[in-house]
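# Examining the three-dimensional arrangement
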Amino acid sequence: KLHWLDEILQREYEMSQELEHRVVLLDQPEDAISLRNKRKIADILSRAAFEKGLQFFVSTHEPCLLRIAGSRIINLDEKPAGSYAALEFDLEGYMS
């Protein structure tokens, strides 16, 4: 279960109520997690962003996290780094 992620995000939200910008950094949260739970992570992050106004910077190679609606992908392999709307990014080309 991913209750730990919900709890962390709720705590971050509560601690940052008075702040104008609320940012959470996550480094490959999908590591060692089943595909079903990876999708749950995507749902939790999306819900926290839209309902609580949290902004996420996520380091990942996981396709389901790269397809969260409303997100932007910054491709650091490009020089200079490219920025794309999630659904505009050529994920298949990038992964091949």
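Residues numbered from 1 in each chain as written. Predicted model: local features only at pLDDT ≥ 70, side-chain atom pairs only at ≥ 80, totals over all residues. Heavy atoms only, no water.

### Quick look at the overall build of the chain
From N to C terminus, the chain includes 4 helices and 4 strands. Relative to its length of 96 residues, the chain is compact, with a C-alpha radius of gyration of 14 Å against a globular reference of 12 Å. Seen along its three principal axes, the alpha-carbon backbone of the chain occupies a region of about 40 × 30 × 20 Å. Within the chain, the fraction of its 96 residues that count as buried is 32%. Contacts spanning at least 24 positions in sequence make up 54% of the contacts within the chain whose residues lie at least 6 apart. Accessible area for the chain stands at about 6700 Å²; split by element, carbon and sulfur atoms hold 53% of it. If you average the places of the 12 positive and of the 17 negative side-chain charges in the chain, the two averages end up 6 Å apart. (Helix = DSSP H or I, 4+ residues; strand = E, 2+ residues; numbered from the N terminus. Rg over C-alpha atoms; globule rule 2.2 N^0.38 Å. Buried < 20%, exposed > 50% of the residue type's maximum accessible area, 1.4 Å probe, protein only. Contact = heavy atoms within 4.5 Å. Areas by Shrake-Rupley, 256 points an atom, 1.4 Å probe, with all protein chains shown as cover. Lys, Arg positive; Asp, Glu negative; His and termini not counted. Charge placed at Lys NZ, Arg CZ, Asp CG, Glu CD.)

### Overview of unusual backbone geometry
Across the junction of Lys79 and Pro80, the peptide omega takes the value -5°, indicating a cis bond. Relative to the elements of secondary structure, Pro80 occurs in the loop between β3 (72-75) and β4 (82-85). Located in the positive-phi region is Gln28, a residue other than glycine, with phi close to 45°. Note on placement: Gln28 falls in the loop between β1 (23-27) and α2 (35-52). Classification of Gln28 as partly exposed rests on a relative accessible area of 26%. The backbone of Ala32 sits at a positive phi, close to 60°, despite the residue not being glycine. Exposure remark for Ala32: the relative accessible area of 87% places this residue in the exposed category.

### Considering the pattern of salt bridges
If you walk through the whole model with that rule in mind, you get 2 salt bridges. The closest approach of N and O atoms between Glu62 and Lys38, which form a salt bridge, is 3.3 Å. Taken together, the residues Glu62 in the loop between β2 (55-59) and α3 (63-66) and Lys38 in helix α2 connect sequence positions 24 residues apart. Judged by its relative accessible area of 11%, Glu62 falls in the buried class. (Salt bridge = Lys/Arg side-chain N within 4 Å of Asp/Glu carboxyl O.)

### Focus on α2
In this model, α2 (18 residues) spans 25 Å end to end at C-alpha, consistent with the 26 Å of a helix rising 1.5 Å per residue. Considered for burial, the residues of α2 that qualify are Asn37, Lys38, Ile41, Ala42, Ile44, Leu45 and Ala48. For α2, the angular spread of buried residues about the axis comes to 165°, placing them on one side. In α2, the exposed residues that point more than 90 degrees away from the buried face are Arg36, Asp43, Phe50 and Glu51. Gly53 sits one or two positions beyond α2 and adopts a positive phi of about 75°. (Expected span 1.5 Å × (residues − 1). Arc of directions from axis to C-beta.)

The values reported here are purely geometric and, on their own, carry no functional implication.
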